[in-house]
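Coordinates in review
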Amino acid sequence: MILVVVEQREGKLNRASWEAIAGGQQLAAKAGGESVKIAVLGGDVGPVAAEVAGAAVTEVLTVSNAALEPYTADGYVQALVQVLGLHSASFVVFAHTYQARDFVPKLAARLERALVADVVGLTEAEGRPAFTRLVFQGKMAADVLPEGDRPYLITLQSGAIAADTVRRGATPAPVTPVNVVVDGSAIRQRPEAPFREAKQAVDLSQAVRIVAVGRGIKAQDKLPLAEELAKLLGAELGASRPICDSGWLPLERQVGSSGQTVAPKLYLALGISGAIQHAVGMKGSKTIVAINKDADAPIFEIADYGIVGDLFEVVPALIKELKS
Amino acid sequence: MKIAVCIKQVPARDSQPRLNEAHTWIREDGAAFEMNEPDAYALEEALRLKERHGGEVVVCSAGPGRVSQVLREALARGADRAIHVESDELVAADAFNVAGTLADAMRSESFDLVLTGLQSDDQGFAQTGVVLAERLGMPHATIIMEVQVEAAALRVKRELEGGWFQWMSMPLPAVLTIQSGINQLRYATLKGIMAAKKKEIRKVAAPAVLTSRQRVVNLYVPQKTKQAQVLGGTPAEAAKELVKRLRDEARVIE
Ligand SMILES: Cc1cc2nc3c(=O)[nH]c(=O)nc-3n(C[C@H](O)[C@H](O)[C@H](O)COP(=O)(O)OP(=O)(O)OC[C@H]3O[C@@H](n4cnc5c(N)ncnc54)[C@H](O)[C@@H]3O)c2cc1C
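Here is what the cut-offs are and how they apply
Residues numbered from 1 in each chain as written. Chains lettered and ligands numbered in written order. Predicted model: local features only at pLDDT ≥ 70, side-chain atom pairs only at ≥ 80, totals over all residues. Heavy atoms only, no water. Helix = DSSP H or I, 4+ residues; strand = E, 2+ residues; numbered from the N terminus. Buried < 20%, exposed > 50% of the residue type's maximum accessible area, 1.4 Å probe, protein only. Contact = heavy atoms within 4.5 Å. Areas by Shrake-Rupley, 256 points an atom, 1.4 Å probe, with all protein chains shown as cover. Lys, Arg positive; Asp, Glu negative; His and termini not counted. Charge placed at Lys NZ, Arg CZ, Asp CG, Glu CD. Near = heavy atom within 4 Å. Polar contact = N/O pair within 3.5 Å; in protein donor to acceptor, adjacent residues only side chain to side chain. Nonpolar A, V, L, I, M, F, W, Y, C, P; charged D, E, K, R; others polar. Buried area = accessible area lost by both parts, 1.4 Å probe. Salt bridge = Lys/Arg side-chain N within 4 Å of Asp/Glu carboxyl O. 1 Å grid on protein atoms, 1.4 Å probe; cavity = no way out; pocket = protein on both sides within 12 Å on 5 of 7 lines; lining within 4 Å. Points joined across faces, edges and corners; volume = space filled by probe spheres on them. pLDDT = per-residue confidence, 0-100. Pairing = 2+ DSSP bridges. Axes fitted to C-alpha atoms, helices over the stretch in contact; angles between N-to-C directions. Core = buried A, V, L, I, M, F, W, Y, C linked by side-chain atoms within 4.5 Å. Phe/Tyr/Trp six-rings, centres within 6.5 Å; stacked < 30°, edge-to-face > 60°. Lys NZ or Arg CZ within 6 Å of the ring centre and 35° of its normal.

The next point concerns the overall build of chain B. Check the secondary structure of chain B and you find six helices and 13 strands. Across its three principal directions, the C-alpha atoms of chain B cover 65 × 45 × 40 Å. A burial count over chain B gives 56% of its 254 residues as buried. A fraction of 69% describes how many contacts in chain B between residues 6 or more apart in sequence connect residues 24 or more apart. For chain B, the accessible area works out to roughly 10500 Å², and carbon and sulfur atoms hold 51% of it.

Laid out in structure tokens, this is it:
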């Protein structure tokens, strides 16, 4: 059996969970036609369970307990150890969300089981399912085999498996409550309500054009070059995370999974490698241009137009061309 | 407060790794290495906490001999001493082995706070800090952007997806995984570099046999599906062509 653990917050399903369900189904087919079950944890998980019961799975397990709302790593690990004791799985699949990053390694350590995290593709090696991960900042891929006793824990990177490949069932899957005992006094984390930082002065999500700078810009005093290009194009300035980390540009200009999601007509990436956390924030742009001196940079995978070259030569040439 | 910071040495970011013959890891000869970036932020946070609350900062690393270079660098920035779990077996070890050997070396120190980076730039497991917490029996929180210490408790700001954050409290001792950008990094001064030479790096042996829970069977350069139209020529020619395409083909500029 393959168990897919979906994620909900305040009764709302995380959209990445559909990708995890699709991944579980594909893995089941690869592993020789195993059955797939879904588990959902939290306070009142009824509506979420009903929603995911539409997938072609044999059963949806609801793990409902007041001590599981809000989410804490200590609470979730306690509960899932019991669920996996009652329902022995060969693989447990999660979406690689911030929440999964927070508790799945702890669960794997508690169970003494392998965790292959941040998987971007399913493959095969030595006659069994293997998992592809990106390493060295996306410069290399590794096919990885989990070892030791099962279950193996897998987290899937967002976008690795399309949510719309989920197979739906003819009738809703049965929903079964699973009783777990959660010792609230053993939960050490005391979470407060999530919040957003004060309203941002720049709303990049509304920008028509964006010129974004990455670490390739090298120094803060080189930023005026990008600013001049942005001005000529009528574009806002955006940035990858390291630029904001260094304090060269304010956080509100950061594009990516922990920054803003943008969808301009034109996104011009200067010296940005195209790491997944950046790409998820800008790949919805209509036209993507990448200027990067590394022809193998992942950004060229998602760009429509590319110039392989030194931005300190290409950008001045662009400025000159736009001025003429 | 006695603070541990776990630091990994990773291949330099601007280098292109080369495959070993078995296609299971990279060739180490001729490769350049540096401190994992989120770990540098974890170290900086530890130094700032020490400045505010007093105590000691101990940097810990598991890896081959070359790792002592980043430990020295951390000592030069202000860490007080270092622990090095030294083994060539740990070059490409999984997070369970790295966290397991670190936990064994750290347990008797009874740290109040353990900081790690949220993930490494090479293998990117994002597991070491969390597994370490489990092995040390400590609570943890991940992807931390602010740390407040209040008596025997912590209040930390976690980064969530899409620009959301959350405060969370927990008792000490605890483990935090630190997100880059939490602070502004300091660099070593000449005085720091001189002082570091006299600081202790305690070597600890790794277990003779490591049991891996995952194995790389094939390492390769990802296949390009390359859809970008790459515009060639001199910078001036490429720029001219790009402007033309953006005007006439994509119609995204006037
Ligand atoms: C939990 C988490 C959340 C994250 N959230 C975000 C996020 O929201 N946004 C984000 O951007 N990142 C985020 N990151 C970080 C992300 O993983 C990458 O580290 C980051 O996007 C890399 O930024 P970069 O492309 O500017 O730098 P690098 O990856 O260092 O790339 C620099 C590029 O510049 C090129 N270059 C260098 N010099 C020149 C030159 N002279 N001319 C042309 N090209 C040149 C290089 O070839 C290279 O491709 C997050 C990471 C984690 C773990």
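What follows continues from the structure just given.
Secondary structure summary: chain A contains nine helices and 18 strands in total. The dimensions of chain A, computed from C-alpha atoms along their principal axes, are 70 × 45 × 35 Å. Burial analysis of chain A (324 residues in total) assigns 58% to the buried set. Sequence separation of 24 or more characterises 64% of the internal contacts of chain A that already satisfy a separation of 6 or more. For chain A, the exposed surface amounts to about 12300 Å²; the carbon and sulfur share of it is 52%. In chain A, the 32 positive side-chain charges and the 35 negative ones have mean positions that sit 3 Å from each other.

Attention shifts here to the site of the ligand. Residues and elements named next belong to chain A. Within the structure, the ligand sits among 33 residues, and Arg215, Ser240, Ser258, Ser273 and Gln277 are positioned closest to it. Between the ligand and Gly259 there is a distance of 3.4 Å, counted from an oxygen atom to a backbone nitrogen or oxygen. In isolation the ligand offers 980 Å² of accessible surface; the protein chains occlude 90% of this area. Of the residues assigned to the shell around the ligand, the class counts are eight nonpolar, 17 polar and eight charged.

Okay, the interface of chain B and chain A next. Each partner contributes residues to the interface: chain B has 92 residues there, and chain A has 81 residues. Each partner contributes to the roughly 7700 Å² buried at the junction of chain B and chain A, and carbon and sulfur atoms together form 51% of this total. The largest per-residue losses of area from chain B upon contact with chain A belong to Glu134, Arg213 and Arg215 of chain B, which jointly make up 8% of the total buried on that side. In this assembly, chain B and chain A are joined by 12 salt bridges.

Roughly 440 Å³ of volume is contained in the second largest pocket. Together, 20 residues line the second largest pocket, and Arg196, Gln200 and Gln260 of chain A together with Gly162 and Gly163 of chain B are the ones closest to its centre. For the lining of the second largest pocket, the per-class residue count stands at four nonpolar, nine polar and seven charged.

For Lys157 of chain B, the location among the structural elements is in strand β8 (residues 153-159). Engagement of the side chain of Lys157 of chain B in a polar contact is seen with the side chain of Glu197 of chain A, the distance being 3.1 Å.

Overall, the predicted model of chain B reaches an average pLDDT of 96, with 100% of residues at or above 70. Here the predicted complex scores 0.96 on pTM and 0.96 on ipTM.

This part takes up the sheet that holds strand β5 (residues 59-64) of chain A. Ordered in space as β11(A)-β5(A)-β4(A)-β1(A)-β6(A)-β10(A)-β7(A)-β8(A)-β9(A)-β12(B), the 10 strands form an open sheet in which the pairing is mixed. Here the strands that pair on one side only, and so sit at the sheet edges, are β11 (175-177) of chain A together with β12 (214-220) of chain B. For this sheet, the mean angle separating the axes of adjacent strands, direction not counted, is 35 degrees. Direction of pairing for strand β7 (residues 115-125) of chain A relative to strand β10 (residues 152-156) of chain A: parallel, over a ladder of three bridges.

For the rest of this paragraph, the subject is the nonpolar core. Ranked by internal contacts, the top residues of the largest apolar core, which has 60 residues, are Leu3, Phe94 and Phe103 of chain A together with Leu102, Met106, Val114 and Leu132 of chain B. Residue contacts for Phe94 of chain A: discarding those within four places in its chain leaves Val5, Ala20, Leu80, Ala100, Phe103, Val104, Leu107, Leu153, Ile154, Thr155 and Leu156 of chain A. Listed in part, the 44 residues of the second largest apolar core include Ile2, Ala16 and Ile21 of chain A together with Leu219 of chain B.

Residue placement: Ile193 of chain B occurs in helix α5 (residues 190-196). The sequence separation of Ile193 of chain B and Glu73 of chain B amounts to 120 residues, and the corresponding C-alpha distance is 7.6 Å.

Another aspect to go through is the packing of aromatic side chains. Following the criterion strictly, the structure yields eight aromatic pairs over all chains and no others. Between the aromatic rings of Tyr71 of chain A and Phe103 of chain A, the centroid separation amounts to 5.8 Å while the plane-to-plane angle is 55 degrees, which identifies the pairing as tilted. Residue Tyr71 of chain A is located in the loop between β5 and α3 (73-86), and its partner Phe103 of chain A is located in helix α4 (residues 98-111); the two are separated by 32 residues in the primary sequence. Cation over ring: Lys222 of chain A sits above Phe312 of chain A, and NZ or CZ is 5.6 Å from the ring centre. One residue, Arg66 of chain B, lies across the ring of Phe33 of chain B, its end atom 3.8 Å from the ring centre.

Taken together, six strands build an open sheet; the order of strands is β15(A)-β14(A)-β16(A)-β17(A)-β18(A)-β13(B) and the sheet is parallel. Two strands bound the open sheet, and with one partner strand each, they are β15 (236-239) of chain A together with β13 (229-230) of chain B. As defined by bridge partners, strand β17 (residues 287-292) of chain A adjoins strand β18 (residues 305-308) of chain A across four bridges and the pair is classed as parallel. Bridge pairing links Val289 of chain A to Tyr305 of chain A in β18 of chain A. Across the sheet, helix α5 (residues 223-233) of chain A lies against β14 (209-213), β15 and β16 (266-270) of chain A, angled at about 170 degrees from β14 of chain A, the strand it touches most. Those strands touched by helix α9 (residues 311-323) of chain A are β16, β17 and β18 of chain A, and its axis lies near 130 degrees from that of β17 of chain A.

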